[in-house]
Each structure stands twice: as structure tokens, then as C-alpha cells.
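# Remarks on the overall topology
Residues per chain are reported as follows:
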Amino acid sequence: LYALKSVLFSFRNKRHVILLSDNGVGVTQLARWISQYFDKIHASGYFFTCNEETKCSDLFGKQIILETINSNNEYIKWKSGFLTKAIKKGRVAVLDNISEVTEKVTKRLKCLLDQKYDDKVKYFDVPENPKKPQVEINENFRLLCTCKNNEISKMSQSFINRFDVIVLDNQLKNITPTNLKKLI
């Protein structure tokens, strides 16, 4: 309950969050629930599991080659990535295992996270899209990342400092089997 309240407090204050936990605590599922609650949807949201192969194009989008010429006589079309869609629609985007991404990806994410807290319209640069190189950032967009306690040291401090870091403890670690049964 503490973690949920903390994340929602951060979101209401236009902050992005890293949920930090040990293995087996259920942080991924909690992140999904928080995302659904904040977005007030019950369908699958904007969720991505990061790994060392994650590229900027996976998150922000890429040019795709069409098999046939479209009505505008184009062979190439822009396909927005899941993060770009979440930015435009003002949704929570969950990046599970954020510590697995490369420095190139965190560098691009830093640009997204480096926004001033004022009333001006904010934009995120997507130079890979020649037709629309800037995307307006919906004021309701939030980034919710998960990370394991033993992996946070993989990330740069300057990247981590752009988030509110909330630690999710395993509150059932020292529970006796009898008390666990009562709880269930």
C-alpha cells in the first residue's frame, strides 16, 4: 500500500518513478496494476520488458518499408514505438528491467525526462521521423520503470536522479507458514 501511495503521489506531482525491489517480490505485476489504475483502463497498457538488445527504435519508432506504394506514392512509412504512443496519449509507460538497457537508450530517455516544470507545451525530439521530428508530450504521460536492488548500480547516477526511486520491500520474507496461511 505504501508503494502504491508513493507512486501515485509522484505521478500527481508530474514525476517519473523507478520501483526498486528484490527478486520475487512482484514488482512487475505491481507496475502493471499501477499503470492500469493511473490510466483508468483495464486492458493491456504500454508495457515493455527491457533487455540488452533493446534499441531506441523499439521504444520510439522506426521507418518501415512498404510492400506496395501507398496512396501518397510512398515506399516508406513511419511506425511509432510504444513509448511514443504513450507520450502522445498521456499514458503510463512501464519499462520493466530498466537496468538492462544500453547507455544509448538511457541517453535518449534522459532527453525525454529533462523537461521543465512550467505550463508551456513540451515536445520530445524524434529525429528518426523526418515528417514529424517532434512529438508533443501529453501532460499526463508518466514513465514507470522497474529495477532489481542488485542491478541499480548498472545505471548512471545522472539517469537515476531523474526519477523518484521507491523501494518495494518483501513484507512476507519473515512470515511464518502459519501466519502466511492465515493471510491467504
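A brief structural summary.

Look at any regular strand and the pattern is simple: side chains alternate between the two faces of the sheet. Side chains Y46 and F48 of strand β2 (residues 46–49) all project onto a buried face; the interleaved residues F47 and T49 project onto a face where none is buried. As judged from the four bridges shared by β2 and strand β5 (residues 92–96), these two strands associate in the parallel manner. Pairing of Y46 across the sheet is with A93, part of β5.

The next point concerns the pattern of salt bridges. Any two side chains of opposite charge can pair, so long as their charged atoms come close to each other. Tallying each qualifying case throughout the model produces six salt bridges. Salt-bridge contacts for K154 lead to E100; the nearest nitrogen and oxygen are separated by 3.3 Å. One end of the pair, K154, is in the loop between β8 (142–148) and α6 (157–160); the other, E100, is in the loop between β5 and α5 (103–113), and 54 residues separate them in sequence. For E128, the salt bridge is made with R108, and the minimal N-O distance between the two is 2.6 Å. Of this pair, E128 sits in the loop between β6 (122–125) and β7 (134–137) while R108 sits in helix α5, and the two are 20 residues apart along the sequence.

With 34 residues, the main nonpolar core has L83, L95, I98, L109, F141 and L143 as its most contacted residues. Residues in contact with I98, not counting those within four places in the same chain, are C50, L109, C145, T146, C147, M155 and F159. Judged by nonpolar contacts, the second largest core, of 14 residues, contains V17, V92, L144 and I166.

Extensive coverage of β8 is indicated by the burial of seven of its seven residues. Side chains of β8 alternate between two faces, with R142, L144, T146 and K148 and L143, C145 and C147 buried alike. Where β5 meets β8, four bridges bridge the pair, whose relative direction is parallel. Each bridged residue has a counterpart across the sheet, and for V92 the counterpart in β8 is R142.

Now for the side chain of E74. Tracing the backbone through its elements, the reader meets E74 in the loop between β3 (61–65) and β4 (76–80). Of the residues examined, E74 reaches a relative accessible area of 18% and is grouped as buried. Not counting residues up to four positions away in its chain, the partners in contact with E74 are L66, T68, I69 and K131.

Thresholds, definitions, all that
- Residues numbered from 1 in each chain as written.
- Predicted model: local features only at pLDDT ≥ 70, side-chain atom pairs only at ≥ 80, totals over all residues.
- Heavy atoms only, no water.
- Buried < 20%, exposed > 50% of the residue type's maximum accessible area, 1.4 Å probe, protein only.
- Helix = DSSP H or I, 4+ residues; strand = E, 2+ residues; numbered from the N terminus.
- Pairing = 2+ DSSP bridges.
- Salt bridge = Lys/Arg side-chain N within 4 Å of Asp/Glu carboxyl O.
- Core = buried A, V, L, I, M, F, W, Y, C linked by side-chain atoms within 4.5 Å.
- Contact = heavy atoms within 4.5 Å.

Limitation: the analysis is restricted to geometry and does not speak to function.
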